[in-house]
Amino acid sequence: MAAPLAPLTAAAALRLGSRGLRHRHRLLLASLRPYSSAPPPSPSAVPAAARRLPTPPPAPRRLARTLAASAATAVSEPQTDLVSDPTTSSKGRIYHETYGCQMNINDMEIVLSIMKKEGYDEIVPDPESAEIIFINTCAIRDNAEQKVWQRLNYFWFLKREWKANIAQGRSKSLRPPKIAVLGCMAERLKDKILDSDKMVDVVCGPDAYRDLPRLLQEVDYGHKGMNTLLSLEETYADITPVRISDNSVTAFVSIMRGCNNMCSFCIVPFTRGRERSRPVSSIVREVGELWKAGVKEVMLLGQNVNSYNDTSEIEELEPGKNWQLSEGFSSMCKVKNMGLRFADLLDRLSLEYPEMRFRFTSPHPKDFPDELLYLMRDRYNICNLIHLPAQTGSTTVLERMRRGYTREAYLELVHKIRSVIPDVALSSDFITGFCGETEDDHADTLSLVRAVGYDMAYMFAYSMREKTHAHRNYEDDVPEDVKQRRLTELINTFRETTKKNYDSQIGTVQLVLVEGPNKRAPKTELTGKTDRGHKVSFASVPLPHTFEGDEPRKPVVGDFVEVKILRSSTATLFGEPIARTSLSVFYKNAVSEAQAVAA
């Protein structure tokens, strides 16, 4: 082994200058290389102490343990101060785009929080003005990935032609932008993205966002930054997201990450990893902060949100064999230990914040035990909207999808839900043209849609994803034109049935949370959503309050308003506003009226 270099004094550092220092770093790293088979890290990756002293870096396994310990320390220390030091200039302006699900939106809020704490505190509305471009991606369907590639081509143009763009006024960034691909597509394609004509600088998976500041710094030293390691522990529980929505009265709160279901068509377990749940206390804390900030409705998020299982705060855990599934459903994944379940979390949140509405997505039909249904029935602030992904109406295709239930079991669950919660709204997911789907299978799906009568649905033609069980074992044998024809038929069938659900609301009085002006008539109309998730449009006029003694005034964003529904379309209700009120008072009065009618 070569002799280590002598410690560098301040005077010597001044004589060497920056170029000499970089040369000395290379000599130091070369002298330490026998300790690791990995290529030498860039100067930015070497701790300051290692640059001054001839201390060898840890071997790869020791380094992994060190990083794990650092991550554990970060989780144990709540992120309380997200405001950057005003004396420190921004390290770079950020532009961000997000594709895919609500979880991706929440992930971007987490990313912005991490970056803000590191001094990246300026966000711009257009990519031409940014020094850092984040594109948060979705890998569920091929169409989503194609949109991302199109945007990356434009971002690459901004970087490659930066000088010309500046000269011609197309760009305002202070230097060529660094382009970072985040999320599921980053996790799925990894090196392929970095190798794509050198258009991308950083690739970061959903569990590695804490590493983004370091990865971006690597780019300054001529390296590509990539971290797509999946985690069994990361939940970002200590991070308070930077809210990016213009709507200040609704917010997303992630309560768990990953998925264990391993449906044959789905890539989520491979891009998001296995299920892990945040501690109840951290979720309650975040919801409390949102309440203080004026948020009136929270959407609880998870890839499989109702399989939530917090084992962190209970000393004596129940064995996993006590885990109750919906009747007639099965699961490929066995629960080792059972902690606080989703019903326990909803119970606590609904009691502690009685004037806040709670919704949740995306659940799996297998995780609706009776306890959860009765809780939803009894708590007025848990919205009567259940997303119940069916995917298909054919038992044969369900088995090939590895969904863990039959058509009959699904319909029985729908019947039970409606018997417990009569005024419930149901939404769903459907895939047309899955491997081996026949015309009879497709007909079963259409008949299921008619039988259930959904209020809302997300419908897509199947696209094969690499790494999935279907990719390894099945043939994507349904022609594309057949997939699209079946999708059109499914959409038309859905529209026929959903109109009945909207029409059934005519003549009722609904509680609407005002979310903003109607875009079609912003000066005269307001819009919001009902408990069932239906969009309502009504006139913006002065209204009294049901129990407060203030003067009538026009409702504002965040107000709860009683609205009598007068007519409907296939996706919107229209009504006459009656009064401003509160969540608890509205339902208290509704119960009193129902009891009076019954008497």
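That block above? That's the structure.
All values derive from a computational prediction rather than experimental measurement.

> Could you clarify how one ought to interpret the overall build of the chain in this entry?
Along the chain, the regular secondary structure elements total 19 helices and 22 strands. Looking at the chain as a whole, 51% of its 599 residues qualify as buried. Long-range contacts, defined here as pairs at least 24 residues apart, represent 73% of the contacts in the chain between residues at least 6 apart. With the model as given, the accessible surface of the chain reaches about 28400 Å², and the carbon-plus-sulfur share is 54%.

> Please explain the packing of helix α11 (residues 280–292) against helix α12 (residues 342–352) as it appears in this structure.
Two numbers describe a pair of packed helices, the interaxial angle and the distance between the axes. It is at 11 Å that the axes of α11 and α12 come closest, and there the two elements cross at 30°. Taken together, the axes of α11 and α12 lie roughly parallel to each other. Judged by the twist between their axes, the crossing of α11 over α12 is right-handed. Contact residues: Val280, Ile283, Val284 and Val287 in α11; Leu345, Arg348, Leu349 and Glu352 in α12. Classifying every residue of the contact of α11 with α12 by side-chain character gives six nonpolar, no polar and two charged.

> Quick question: what am I supposed to make of unusual backbone geometry here?
Excluding glycine, a negative phi dihedral is what most residues carry, and trans is how most peptide bonds are arranged. Cis rather than trans, the peptide bond between threonine 361 and serine 362 has omega equal to 0°. When you line up the elements, serine 362 lands in the loop between β14 (357–361) and α13 (370–378). In this structure, methionine 262 is a non-glycine residue whose phi angle is positive, near 55°. Mapped onto the elements, methionine 262 comes out in the loop between β7 (256–257) and α10 (268–271). The phi dihedral of lysine 467 falls on the positive side, at around 80°, and the residue is not glycine.

> Would you mind going over the pattern of salt bridges with me for this structure?
A side chain of one charge can pair with a side chain of the opposite charge if their charged atoms are brought near each other. Inspection of every chain in the model, using the stated rule, returns 41 salt bridges. Notably, a salt bridge pairs arginine 210 with glutamate 234, separated by 2.8 Å at the nearest N-O pair. Within this pair, whereas arginine 210 is found in the loop between β4 (202–204) and α9 (212–220), its partner glutamate 234 is found in the loop between β5 (225–227) and β6 (250–254), the two being separated by 24 residues in sequence. Of the residues examined, arginine 210 reaches a relative accessible area of 24% and is grouped as partly exposed. Judged by its relative accessible area of 8%, glutamate 234 is buried.

> How should I be thinking about the nonpolar core in this particular structure?
Generally speaking, soluble globular proteins have nonpolar side chains that are buried together. In this structure, Ile255, Phe342, Ile386 and Tyr454 are the most contacted members of the largest nonpolar core, which totals 56 residues. With six residues, the single largest contributor to this core is helix α15 (residues 407–420). Setting aside residues up to four positions removed in sequence, isoleucine 386 forms contacts with Phe368, Leu373, Met376, Ile417, Ile421, Val424, Ala425, Leu426 and Ser427. In terms of nonpolar packing, the next biggest core, distinct from the first, is built from 23 residues, Phe134, Val202, Val219 and Ile239 among them.

> Looking at this model, I keep getting lost on empty space enclosed by the protein. Mind explaining?
One water molecule sets the probe size; rolling that probe over the atoms shows where empty space is left. Inspection of every chain in the model, using the stated rule, returns four cavities of 30 Å³ or more. Its volume calculated, the largest cavity comes out at about 50 Å³. Taken together, Asn306, Arg341, Phe342, Ala343, Asp367, Pro369, Glu371 and Leu372 make up the full set of residues lining the largest cavity.

> Honestly, the side chain of histidine 387 in this entry has me stumped. Any pointers?
Mapped onto the elements, histidine 387 comes out in strand β15 (residues 385–387). Within the structure, histidine 387 has its side chain in polar contact with the side chain of serine 427 (distance 2.7 Å). Separated by 3.0 Å, the side chains of histidine 387 and aspartate 429 make a polar contact. With residues up to four places along the chain from it excluded, the contact list for histidine 387 reads Thr361, Ser362, Pro363, Phe368, Ser427, Ser428, Asp429 and Tyr458.

> I tried to follow the environment of aspartate 310 on my own but got confused; where do I start?
Here aspartate 310 is to be found in strand β10 (residues 309–310). In this structure, the C-alpha to C-alpha distance between aspartate 310 and methionine 338, residues 28 residues apart in sequence, is 7.8 Å. Setting aside its immediate chain neighbours within four residues, aspartate 310 contacts Ser277, Arg278, Pro279, Val280, Gly339 and Leu340. A polar atom in the side chain of aspartate 310 sits 3.0 Å from the backbone nitrogen of valine 280.

> So what exactly am I meant to see when it comes to helix α16 (residues 439–452) here?
In an α-helix, one turn spans 3.6 residues; hence positions three or four apart end up facing the same way. Taking 1.5 Å per residue, 14 residues should reach 20 Å; α16 reaches 20 Å between its end C-alpha atoms and fits that length. The complete set of buried residues in α16 reads Asp441, His442, Thr445, Leu446, Leu448, Val449 and Val452. In an axial view of α16, the angular spread of the buried residues amounts to 155°, which keeps them on one side of the axis. Counted as exposed and oriented over 90 degrees from the buried face of α16: Asp440 and Ala451. Looking at the packing, one finds that the buried side of α16 touches α14 (395–401), α15, β16 (425–432) and α18 (480–503).

Definitions and cut-offs
- Within each chain, residue numbers correspond to sequence positions counted from 1 in written order.
- Local features in a predicted model are, by the rule used here, given only for residues with pLDDT of at least 70; side-chain atom pairs are given and counted only at 80 or more, and totals for whole chains, interfaces and linings are based on all residues.
- As a rule here, side-chain values cover all heavy atoms of the structure and leave hydrogens and water aside.
- We count a stretch as a helix when DSSP gives it H or I for four or more residues in a row; a strand needs E for two or more, and each element gets its number in order from the N terminus.
- Relative accessibility thresholds used throughout: buried, under 20% of the residue-type maximum; exposed, over 50%; partly exposed, between the two (1.4 Å probe, protein chains only).
- Residues are treated as being in contact if the distance between any of their heavy atoms lies within 4.5 Å.
- Reported accessibility uses the Shrake-Rupley method at a 1.4 Å probe radius. Residues are deemed covered only where the shown protein chains occlude them.
- Lines fitted to C-alpha atoms define the axes here, with helix axes fitted over just the stretch in contact, and angles between the N-to-C directions of these axes take values from 0 to 180 degrees.
- Orientation labels follow simple angle bins: below 35 degrees gives roughly parallel, above 145 gives roughly antiparallel, 65 to 115 gives roughly perpendicular, and whatever is left gives oblique.
- Working rule for handedness: look at the near helix, and if it is turned counterclockwise from the far one by less than a right angle, call the crossing left-handed; if clockwise, right-handed.
- Polarity classes work like this: nonpolar for Ala, Val, Leu, Ile, Met, Phe, Trp, Tyr, Cys and Pro, charged for Asp, Glu, Lys and Arg, and polar for all others, with Gly in that last group.
- By convention in these notes, a salt bridge is any Lys or Arg side-chain nitrogen within 4 Å of a carboxyl oxygen on Asp or Glu.
- To form a nonpolar core, buried Ala, Val, Leu, Ile, Met, Phe, Trp, Tyr and Cys residues must be joined to one another through side-chain atoms within 4.5 Å.
- Definitions used for this entry: grid spacing 1 Å over protein atoms alone; cavity, a set of points where a 1.4 Å probe fits but cannot get out; pocket, an open set with protein on both sides within 12 Å along at least 5 of 7 lines; lining residue, one with an atom within 4 Å of a point.
- Grid points are joined across faces, edges and corners, and a volume is the space filled by probe spheres set on the points.
- Side-chain atoms alone can form a polar contact between residues adjacent in sequence; in general such a contact is a pair of N or O atoms within 3.5 Å, and within protein one must be able to donate a hydrogen while the other accepts it.
- The length a helix should cover is 1.5 Å for every residue beyond the first.
- As used here, the arc belongs to the directions running from the helix axis to the C-beta atoms.

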